[in-house]
Amino acid sequence: MTTALILSGGGARAAYQVGVMRAAMEIHGRDELPFEVICGTSAGAINAVFIAANAHRPREGLEALLRTWRGITPADVYDPRWRAVIGSVARIVLAPLRRSERAAPRALLDSEPLRGMLRNWLDFDAVRANLSGGRLQSLCITAMDYATGASVAFYEGGSVAPWDRVYRRGEPARLEHQHVMASAAIPILFPAQRIGDAYYGDGALRQLHPISPALKLGATRLFVIGVSASRVDSPQMIERRRPSIGQMAGHLLNREFIDNLEADILLAERINTITDAMDPVARKRANMQHIETLVIAPSVPFNEIAAAYMDAQPRSLRLFWRLLGAGPRGAGASFASYLMFDGNFCARLMDLGYADTMRERERVRLFLANGKPALNRAPSGR
């Protein structure tokens with residue numbers, strides 16, 4: 001049985017995943033990564049690569065990742081200066097008056113600082129050393145091809161053949177920083193990224209089946225970390241007024257980053273019910289297998305946490321949110337949470353992830369203990 005770690009997208013919300021992983025490794029009790037396959041989408045791809053690069057020392061790597069998220073600032077991800085933000089807005093307003101397509105705006109924010117940060121954070125040589133050393137079977141990063149609208153799973157490691165389905169395909173690749181930049185390029189907010197001859201955007205776009213890449217890579221057990229709370233907003237956070245652009249944007253981002261994952265997990269549970277009821281011979285003939293899934297999700301909606309940090313963000317960012325009508329309530333705060341790369345906010349999310357996982361200690365312990373590695377692990381070789 002092969003166990004996969006699935007890290008969904010969500011901008012700054014991905015900090016929650018680090019707290020979950022820290023608790024999971026503490027519960028696991030061994031300094032050995034209990035996953036053979038790691039799949040990351042959008043900001044989850046950043047965490048996925050970092051964890052893969054430290055598969056030979058996962059506990060130490062997670063502590064380093066936690067410190068890094070605690071120290072993050074908006075300037076590490078995009079240019080938050082007045083000139084940059086207002087300049088982007090001005091280019092959008094003036095675009096119809098310009099004749100040249102080169103002058104057309106590519107995005108609202110300049111994500112070039114993210115490239116520099118990723119070069120400091122992510123070590124792809126270490127990833128390949130862990131893949132070749134048997135500490136990890138496969139690493140997968142998902143992005144969307146803007147030309148075709150297909151969800152593309154770029155993967156390295158393993159011996160799985162490429163796949164091509166309707167609006168989704170898998171391509172073996174030598175993974176680099178550009179794949180992460182593409183996977184994390186939230187549409188409209190961040191510019192598309194070029195890989196080869198094509199331009200790619202955020203991996204959550206058109207990712208109708210988020211758990212599919214892990215299954216294609218041979219996983220039958222899925223440890224999924226979501227970024228959506230298991231309960232609805234409190235009455236104080238519900239907006240009963242004409243929706244603003246920011247509120248609508250919040251719902252659109254939630255649709256892309258959250259709803260598809262939850263729907264895919266629900267579908268897997270229904271297929272399991274059918275599979276378990278089948279005769280063993282018929283099950284083998286139909287090539288159907290039970291998929292064990294453990295999901296850790298926030299116990300508190302992130303917009304409730306984000307609302308407390310909105311006034312502490314750069315003035316240019318607060319202006320941007322006001323222009324979109326993204327106030328500190330409901331989906332407005334939800335939209336802001338995707339861009340709130342603030343060390344204090346991220347620390348709150350990591351603490352929440354740790355606490356949520358510890359509350360599920362026994363389920364997590366049993367899930368990780370019952371996994372049977374699909375490959376022989378090499379010595380730690382620190």
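You'll find the structure just up there.
Residues numbered from 1 in each chain as written. Predicted model: local features only at pLDDT ≥ 70, side-chain atom pairs only at ≥ 80, totals over all residues. Heavy atoms only, no water.

Asker: Can you lay out the overall build of the protein for me, pointing to particular residues and giving the numbers?
Answerer: When helices and strands are counted, the protein shows 15 helices and 10 strands. For the protein, the proportion of its 382 residues judged to be buried stands at 55%. Here the analysis covers contacts within the protein between residues at least 6 apart in sequence; of these, 78% occur between residues at least 24 apart. Counting every atom, the protein has about 17,200 Å² of accessible surface; 53% of that belongs to carbon and sulfur. (Helix = DSSP H or I, 4+ residues; strand = E, 2+ residues; numbered from the N terminus. Buried < 20%, exposed > 50% of the residue type's maximum accessible area, 1.4 Å probe, protein only. Contact = heavy atoms within 4.5 Å. Areas by Shrake-Rupley, 256 points an atom, 1.4 Å probe, with all protein chains shown as cover.)

Asker: Which residues make up the nonpolar core, and what values go with them?
Answerer: Ranked by size, the top nonpolar core spans 91 residues in total, and within it Trp69 and Phe223 carry the most contacts. Leaving out residues up to four positions away in the same chain, Trp69 has contacts with Gly11, Ala12, Ala14, Ala15, Val18, Asn47, Trp121, Phe341, Gly343, Cys346 and Met350. Counting residues in hydrophobic clusters, the runner-up holds 17 residues, among them Ala4, Ala219, Leu222 and Ala268. (Core = buried A, V, L, I, M, F, W, Y, C linked by side-chain atoms within 4.5 Å.)

Asker: Before we move on, could you go through unusual backbone geometry and cite the residues and values that matter?
Answerer: Of note, Ser42 is a non-glycine position whose phi angle comes to about 55 degrees, a positive value. Note that Ser42 resides in the loop between strand 2 (37–41) and helix 2 (43–53). Even without glycine at this site, Tyr167 takes up a positive phi of about 60 degrees. Along the chain, the position of Tyr167 falls in the loop between strand 5 (163–165) and strand 6 (168–172).

Asker: I'd like a description of helix 14 (residues 343–359), backed by residues and values.
Answerer: Taking 1.5 Å as the rise per residue, helix 14 with 17 residues should run 24 Å; its terminal C-alpha atoms sit 24 Å apart, in good agreement. The N-cap of helix 14, judged by a side-chain oxygen 2.8 Å from the amide nitrogen of Asn344 a few residues on, is Asp342. (Expected span 1.5 Å × (residues − 1). Polar contact = N/O pair within 3.5 Å; in protein donor to acceptor, adjacent residues only side chain to side chain.)

Asker: Could you give an account of the state of the cysteines, with specific residues and numbers?
Answerer: Taken as a whole and assessed by the stated rule, the structure comprises zero disulfides. Cys140 provides the cysteine sulfur closest to Cys39, a residue in no disulfide bond, and the two sulfurs are 4.4 Å apart. Residue class for Cys39 comes out buried when judged on its relative accessible area of 6%. (Disulfide = S-S within 2.5 Å.)

Asker: So what's going on with the packing of aromatic side chains? Residues and values would help.
Answerer: Counting across every chain of the model gives nine aromatic pairs. Ring centres 5.8 Å apart and planes at 65 degrees place the aromatic pair Trp69 and Trp121 in the edge-to-face group. One end of the pair, Trp69, is in helix 3 (residues 58–70); the other, Trp121, is in helix 5 (residues 112–121), and 52 residues separate them in sequence. A relative accessible area of 1% places Trp69 in the buried class. Residues Phe223 and Phe367 carry aromatic rings whose centres are separated by 6.0 Å and whose planes lie at 45 degrees to one another, so their mutual orientation is tilted. Taken together, the positions of Phe223 in strand 9 (residues 221–225) and Phe367 in helix 15 (residues 361–370) put the pair 144 residues apart, joining distant regions of the chain. An identical accessibility class is assigned to Phe223 and Phe367; each is buried. (Phe/Tyr/Trp six-rings, centres within 6.5 Å; stacked < 30°, edge-to-face > 60°.)

Asker: Give a detailed account of the pattern of salt bridges, specifying residues and quantitative values.
Answerer: In this structure the tally under the stated criterion is 15 salt bridges. For Arg169, the salt bridge goes to Glu171, with nearest N and O atoms at 2.6 Å. Under the relative-accessibility criterion, Arg169 is labelled buried at 17%. Assessed through its relative accessible area of 26%, Glu171 is described here as partly exposed. Glu360 is the salt-bridge partner of Arg363, the closest N and O atoms lying 2.8 Å from each other. Under the relative-accessibility criterion, Arg363 is labelled partly exposed at 42%. What you see here is one network of salt bridges that share partners, running through Arg128, Glu156, Arg174 and Glu176. (Salt bridge = Lys/Arg side-chain N within 4 Å of Asp/Glu carboxyl O.)

Asker: Please set out the packing of helix 1 (residues 15–28) against helix 14 residue by residue, giving values where relevant.
Answerer: It is at 6 Å that the axes of helix 1 and helix 14 come closest, and there the two elements cross at 35 degrees. Considering only the axes of helix 1 and helix 14, their crossing is right-handed. Residue-level contacts link Ala15, Tyr16, Val18, Gly19, Val20, Arg22, Ala23, Ala24, Glu26 and Ile27 of helix 1 to Cys346, Leu349, Met350, Leu352, Gly353, Tyr354, Asp356, Thr357 and Met358 of helix 14. (Axes fitted to C-alpha atoms, helices over the stretch in contact; angles between N-to-C directions. Left-handed = near helix turned anticlockwise from the far one by under 90°.)

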